[in-house]
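Observations on the three-dimensional arrangement
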Amino acid sequence: MRKLNHISIYAFTVRAIHSQIAIIGGGTAGLNVSAQLVRDGHFIPQQIRIFEPYKMHAYQTGWTMVGGGMCKVQQTMKPMEKVLPKNVCLSDCPVVRIDPEQNTIITMDGQKYTYDQLVVASGVQRDYASIKGALQYLENPEAPVGSIYYYRYAQKIDKMIKEFEGGKLIFSEPLTKCEGIPSNMVFLTHERLSARGVKCDFHVYKANDTIFGIPKYSEILGELAHEKGLHCHLKKRLIEVQDHKVIFEDVETKQLFTSDYDFLHIVPPQKPAAFIADSGLGDSDGYVNIHPNTLQHVRYSNVWALGDCSSLPTSKTAAAVMAQTPVLIKNLIRTWRLKQSPLPEYQGYTSCPIYTSNKKVLLAEFKYNKQLDETFPVFQSSDSKAMYLLKKHFFPFAYWQLMVRGLWGGRDGIRLFKGI
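Predicted model only: the values in this text are computed from it and were never measured.

1. Thoughts on the overall build of the protein chain
Tallying secondary structure elements over the protein chain gives 10 helices and 22 strands in all. For a compact globule of 420 residues, the expected C-alpha radius of gyration is about 22 Å, and the protein chain comes in at 23 Å, within 12% of that figure. With respect to the principal axes defined by its C-alpha atoms, the protein chain has extents near 90 × 60 × 40 Å. Relative to its 420 residues, the protein chain shows a buried fraction of 53%. Taking all contacts inside the protein chain whose residues are at least 6 apart in sequence as the whole, residues at least 24 apart take part in 65%. For the protein chain, the exposed surface amounts to about 19800 Å²; the carbon and sulfur share of it is 52%.

Here you go:
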């Protein structure tokens, strides 16, 4: 019998998987970029890899309508494989780090991926945990606390409104880059309860120093709030939720004060994914540090970003993503394939459609430096039924039927012609 006097040890290394285009995030921004890249013929699907851990794609704007009793949550979600371009590569393990010097992405399972061009579209994370007690009461089905920023909490808000019998309602809002979504819930709740004749005392607490960041729309919303008997409290930040009691902090003086409530809607603080800062791609707040007009990273020429995770100083909305996408794609192709300089074409356009009732919407449109950039000026001097029809019926159709196919250009309408 032969005796073994040595042991051979084999070391296995994980082989990196390469893609020409890597897109981190399968939300609105990542989906829109991939759909337009494929439709316009810049890449075949197999050359694109999307990193997205969630199995379902959500039309998160629709959660406002869920909370407002205007649609079912099932209408706002579809399986990821149903919305991604066919044959695009998908990695469902979370990204934990990027090495932009080596063009490498590392996921939680240790797998390495390499890329030629990287698009970061990872959105933001809801930070309910930063408000003491918030998650405890949001998760308690008996507590009158909800939020339209997560689909289960949006369903809870709808139920709370249906069962509300009167009392004090509080709507909290942290410092935010999208002031339209919180206002939606205030007005829709008021409309539903008024229709039932429920006696209510509405209070809106905002950490910002104005009702809305653009003076024209702030004035319109302020007048509507006054007409409806809504009390607005500015520079107030929610820091703790208790049983039928909340604690706020004055943003300037840091003074604390408490208030009772019978109904509480929470807008959570939001933050970018930690891997952005950990990878050296972030600005001082952790958002991907890109040029505000070209969407190219300020240090790495083959790194791009758009949407909520980016440092772009504009309101974080789906409409902004629609305007950013063609600029990003054009500049990616110009710098990589054509060896030309990127064009500074994005001027900060964004749009916030705000429900002021269940029949009217105020469409706020603006760009950098708080400049108005309106598409339908005749309908935008006040809330209107025409804008309601767009928000309630056309925008969801455009999202599910056009955007996911690379056919929706936002304010530019249907994309009949290919880009660069």
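Picking up after the structure, the text goes on.
2. Re the confidence of the model for the protein chain
Scored by pLDDT, the protein chain comes out at a mean of 94, with 96% of its residues at no less than 70. Throughout residues 1-12 the model reports pLDDT below 50, and contacts reaching past four residues in sequence, or to other chains, amount to 0 contacts.

3. With respect to the sheet that holds strand β20 (residues 350-355)
Pairing is antiparallel in the open sheet, where 3 strands are placed in the order β20-β21-β22. Each edge of the sheet is formed by a strand with only one pairing partner; in this case those strands are β20 and β22 (371-372). The pairing of strand β21 (residues 361-367) with β22 spans 2 bridges and is antiparallel. In the strand pairing of β22, K367 is matched with Q371. On top of the sheet, helix α7 (residues 215-227) reaches β20, β21 and β22; it is set at about 160° to β21, its chief contact.

4. What about the packing of aromatic side chains?
Here the structure, examined in full by the defined rule, presents 22 aromatic pairs. Geometrically, the ring pair formed by Y59 and Y399 is tilted, given 4.5 Å between the ring centres and 45° between the ring planes. Separated by 340 residues along the polypeptide, Y59 in the loop between β3 (56-58) and α2 (62-67) and Y399 in helix α10 (residues 385-402) bring together distant segments of the chain. The buried category is assigned to Y59, whose relative accessible area is 7%. Here Y399 falls in the buried class, since its relative accessible area comes to 4%. For the ring pair F212 and F366, a centre distance of 6.0 Å and an interplane angle of 85° mean the geometry is edge-to-face. Here F366 lies in strand β21 and F212 lies in the loop between β12 (200-206) and α7, a separation of 154 residues in the sequence. A single burial state applies to F212 and to F366, both of which are buried. Feature note: the residues W63, Y128, Y150, Y151 and Y153 constitute an aromatic cluster, connected by ring pairs.

5. Regarding the packing of helix α1 (residues 28-39) against helix α9 (residues 318-336)
For the pair α1 and α9, the least separation of the axes is 10 Å and the interaxial angle reads 40°. Relative to α9, α1 is oriented oblique. Note that α1 runs across α9; the crossing there is right-handed. Here T28, A29, N32, V33, Q36 and L37 of α1 come into contact with α9, specifically with A318, V321, M322, T325, P326 and I329. Per-class residue counts for the contact of α1 with α9 are 8 nonpolar, 4 polar and no charged.

6. Description of α10
Along α10, the largest kink reaches about 40° and is centred on F394; proline P396 follows within four residues of it. Among all positions in α10, only M387, Y388, K391, K392, P396, A398, Y399, W400 and L402 are buried. For α10, the side-chain oxygen to backbone nitrogen distance between the N-cap and M387 is 3.2 Å, and the N-cap itself is S384.

7. Comments concerning the sheet that holds strand β13 (residues 231-234)
An order of β10-β17-β11-β12-β13 is seen for the 5 strands of this open sheet, with the pairing classed as parallel. Both edges of this open sheet fall to β10 (145-146) and β13, since each of them pairs with a single strand only. Bridge analysis of strand β11 (residues 167-173) against strand β17 (residues 263-266) gives 4 bridges, and the strand direction is parallel. Counted as the bridge partner of F171 is H265 from β17.

8. Quick look at a nonpolar patch on the surface
Residues F376, V378 and F379 make up a contiguous nonpolar surface patch of roughly 280 Å² in combined accessible area. Within the secondary structure, F376 sits in the loop between β22 and α10. What makes F376 partly exposed here is its relative accessible area of 33%.

9. A short note on the state of the cysteines
One pass over the structure, following the stated rule, counts 0 disulfides. Between C232, a cysteine without a disulfide, and C200, which holds the nearest cysteine sulfur, the sulfur-to-sulfur distance is 15 Å.

10. Some thoughts on the environment of Q324
For Q324, the position within the fold is in helix α9. Each C-alpha atom, one on Q324 and one on Q155, is 31 Å from the other, the two residues being 169 residues apart in sequence. Once you skip the residues sitting within four places of it in the chain, Q324 turns out to touch L295, L306, G307, L312, T314 and Y346.

11. Description of the pattern of salt bridges
Per the counting criterion, the structure on display carries 15 salt bridges. For K55, the salt bridge goes to D92, with nearest N and O atoms at 2.6 Å. Here K55, found in the loop between β2 (48-51) and β3, pairs with D92, found in the loop between β5 (89-91) and β6 (95-99); they are 37 residues apart in sequence, far enough to count as distant. Given the relative accessible area of 41%, D92 is considered partly exposed.

Reading the values: the criteria
Residues numbered from 1 in each chain as written. Predicted model: local features only at pLDDT ≥ 70, side-chain atom pairs only at ≥ 80, totals over all residues. Heavy atoms only, no water. Helix = DSSP H or I, 4+ residues; strand = E, 2+ residues; numbered from the N terminus. Rg over C-alpha atoms; globule rule 2.2 N^0.38 Å. Buried < 20%, exposed > 50% of the residue type's maximum accessible area, 1.4 Å probe, protein only. Contact = heavy atoms within 4.5 Å. Areas by Shrake-Rupley, 256 points an atom, 1.4 Å probe, with all protein chains shown as cover. pLDDT = per-residue confidence, 0-100. Pairing = 2+ DSSP bridges. Axes fitted to C-alpha atoms, helices over the stretch in contact; angles between N-to-C directions. Phe/Tyr/Trp six-rings, centres within 6.5 Å; stacked < 30°, edge-to-face > 60°. Parallel < 35°, antiparallel > 145°, perpendicular 65-115°, else oblique. Left-handed = near helix turned anticlockwise from the far one by under 90°. Nonpolar A, V, L, I, M, F, W, Y, C, P; charged D, E, K, R; others polar. Bend = angle between axes of the 7 residues up to and from the residue. Polar contact = N/O pair within 3.5 Å; in protein donor to acceptor, adjacent residues only side chain to side chain. Patch = residues over 30% accessible without salt bridge, like charges linked within 9 Å, V, L, I, M, F, W, Y side chains within 5 Å. Salt bridge = Lys/Arg side-chain N within 4 Å of Asp/Glu carboxyl O. Disulfide = S-S within 2.5 Å.

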